[in-house]
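# Examination of the molecular architecture
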Amino acid sequence: MNRAEAWDLVCEWTSSDALRRHMLGVEAAMRWYARKFGEDVEAWGVAGLLHDFDYERYPHAPDHPLKGAEVLRAKGCPEPIVRAILGHAAWGGVPRDTPMARTLFAVDELVGFLFACSYVQPSKRIADVKPASVKKKFKDKGFARAVSREDIQNGIAELGINAEEHIANVIAALTDAAPALGLAGSPAETSPAGAASGKAAGTPSAGPQRIAMWSGPRNISTALMRSFENRTDCAVCDEPFYAWYLKRTGVPHPMAGEVIAAGETDPRKVIEFITGPVPGDKAVFFQKHMAHHLLPDLGDGWIPDLTHAFLIRDPREVLLSLDEKFSRPRIEDTGYPQQLAIFEAEQRRTGRTPPVIDSRDVLENPQGVLGRLCDALGLAFEEQMLSWPPGRRPTDGIWARHWYNRVEETTGFEPPRPPRTDPLPPHLEALHARCRECYDVLHAQRLRA
Ligand SMILES: [Fe+2]
Ligand SMILES: [Fe+2]
């Protein structure tokens, strides 16, 4: 069972945002420890992600996790994962006899406790939670009283680790995954309740969330930018690296001269802009980026300042469309290898799977897929994301008059057109195969409604 299948199962069985975040938090901690111990990061992550998937339907012992374990076995989930999940409950009937099982037990309750510690921070940021203050809070019986201190202590003893070090490790794991867990401190994500309502009245606003949405060409990236711009809390920017990219590569795009003249061509200034103060002091900064603009000279020091997400589209559709615009598109014009490279680097850096959405899924079910995307980004979904006023925007790139005629007429996501059936011209076949290799990896891990 891979990560995408595990997450589908979690979503099918669990509607509670708080419970999903708990499982995502335990997944992040498991992945962190798997890397530290040199174990199988994917398997450990799946164990963490699935450990409570049956809890909403079967909240009572011994049904949870025994009922869930039956389902997992029927689905062919590897036995060590099932046993680790059974081992996290005293009545599971399975000893914690593997490092995976001991680690799952040692992080589970602690993750719950650290979420609670994060919510009472003025900043609401997990990164601001200190191990010493966590230890102090263990003694406060009234605080997060549902969390078993005894289980946490037993877990630490079984793992044979220093308590403070263990707490620091789990804080580090949750910090890496903070935006998706709602622990990064923006006002909309101060708690599961705050995230669900989109309001966190009276909570001080902490840092904004900057979302880099990496797309390829001939996708619905501009419509998605419209959708985010229509939120109450969001500023957007349109391909901020484009002018620099054109100048740097000299590729003959339509309007290249004008784009270069009007845009910022100093990459350091572009990076300052996308990581700096958000226009209008908004809580969310949605940045539409083309993956092929990310040339190696940009370095990656700024990457951790953004939350990365991916918009993909079937390469057959993209290439047929791109072929009409460019003569002989090259692999580096498609954005596919770049998208996959950014995705995998983010996976390594954060230990989590960054959100991926497919444009066809968005067009088929905008509310469902955008809802999932917002969940993954720790944002509240807003109805306004589904429709917007027609016309051009001051935030559109100056290339709008060449490229955006279609999107300027739209006021929402339109149902997808049937897939194209015209044959792929022979000169696109090899290119198509290379793009599809990248696309398939991302597609398998996409968020679905
Ligand atoms: Fe549990
Ligand atoms: Fe749990």
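Calculation rules
Residues numbered from 1 in each chain as written. Chains lettered and ligands numbered in written order. Predicted model: local features only at pLDDT ≥ 70, side-chain atom pairs only at ≥ 80, totals over all residues. Helix = DSSP H or I, 4+ residues; strand = E, 2+ residues; numbered from the N terminus. Rg over C-alpha atoms; globule rule 2.2 N^0.38 Å. Buried ≥ 20, exposed ≤ 12 C-beta atoms within 10 Å, placed from the backbone. Arc of directions from axis to C-beta. Contact = placed C-beta atoms within 7 Å. Axes fitted to C-alpha atoms, helices over the stretch in contact; angles between N-to-C directions. Parallel < 35°, antiparallel > 145°, perpendicular 65-115°, else oblique. Left-handed = near helix turned anticlockwise from the far one by under 90°. Nonpolar A, V, L, I, M, F, W, Y, C, P; charged D, E, K, R; others polar. Core = buried A, V, L, I, M, F, W, Y, C linked by C-beta atoms within 7 Å. Domains from an automatic or database assignment. pLDDT = per-residue confidence, 0-100. Pairing = 2+ DSSP bridges.

### Section: the overall build of the protein
- Across its full length, the protein holds 23 helices and 5 strands.
- A globule of 449 residues ought to have a C-alpha radius of gyration of about 22 Å, and the protein, at 23 Å, matches this closely.
- Principal-axis analysis of the C-alpha atoms gives the protein an extent of 65 × 50 × 40 Å.
- Here the protein holds 449 residues, and the buried ones make up 48% of them.

### Concerning helix 1 (residues 3-13)
- Taken together, the buried positions of helix 1 are occupied by Arg-3, Ala-6, Trp-7, Leu-9 and Val-10. Buried residues of helix 1 fall within an arc of 155° about the axis and therefore sit on the same side.
- In this structure, the buried side of helix 1 is in contact with helix 2 (17-37) and helix 3 (41-50).

### Re the packing of helix 3 against helix 5 (residues 79-87)
- At their nearest, the axes of helix 3 and helix 5 sit 9 Å apart, and the two run at 40° to each other. The angle between helix 3 and helix 5 falls in the class oblique. Note that helix 3 runs across helix 5; the crossing there is right-handed. Only Ile-81, Ala-84 and Ile-85 of helix 5 make contact with helix 3, whose side of the interface consists of Ala-43, Val-46, Ala-47 and Leu-50.
- Along the lines of polarity and charge, the residues of the contact of helix 3 with helix 5 split into 7 nonpolar, no polar and no charged.

### Thoughts on the nonpolar core
- Ranked by size, the top nonpolar core spans 108 residues in total, and within it Ala-29, Ala-47, Leu-50, Leu-114, Val-170 and Leu-174 carry the most contacts.
- Counting residues per element, this core draws most heavily on helix 6 (residues 99-119), which supplies 12 residues.
- Split by domain, the residues of this core number at least three in each of domain 1 (3-193) and domain 2 (209-444).
- Formed by 10 residues, the second largest nonpolar core is a distinct cluster that contains Leu-246, Val-259, Val-270 and Trp-399.

### Focus: the pairing of strand 2 (residues 234-238)
- Judged by how many residues are buried, strand 2 sits mostly within the fold: 5 of 5 residues are covered.
- Burial of the side chains of strand 2 extends over both faces: Cys-234, Val-236 and Asp-238 are buried on one face and Ala-235 and Cys-237 on the other.

### Overview of the confidence of the model for the protein
- Averaged over all residues, the pLDDT of the protein is 90; the fraction at 70 or higher stands at 95%.
- Scored below 50 in pLDDT, residues 187-206 makes 46 contacts in the model with residues more than four places away or belonging to other chains.

### Observations regarding the domain arrangement of the protein
- Here the domain parsing of the protein yields domain 1 (3-193) and domain 2 (209-444).
- The straight-line distance from the C-alpha centre of domain 1 to that of domain 2 is 33 Å.
- Each partner contributes residues to the interface: domain 1 has 19 residues there, and domain 2 has 15 residues.
- Elements with a minimum of two residues in the side of domain 1 that touches domain 2: helix 1, helix 2, helix 9 (163-176) and helix 10 (178-181).
- Looking at which element gives the most residues to the side of domain 1 that touches domain 2, the answer is helix 2, with 5 residues.
- Taken together, the residues of the side of domain 1 that touches domain 2 break down into 11 nonpolar, 2 polar and 6 charged.

### What to know about the sheet that holds strand 1 (residues 209-215)
- The 5 strands are arranged 2-3-1-4-5 in an open sheet whose pairing can be described as parallel. With partners counted over all chains shown, the strands left at the sheet margins are strand 2 and strand 5 (356-358), one partner each. Pairs of neighbouring strands in the sheet enclose a mean axial angle of 20°, with direction left out of account.
- When strand 4 (residues 307-312) meets strand 5, the two strands line up parallel, connected through 3 bridges.

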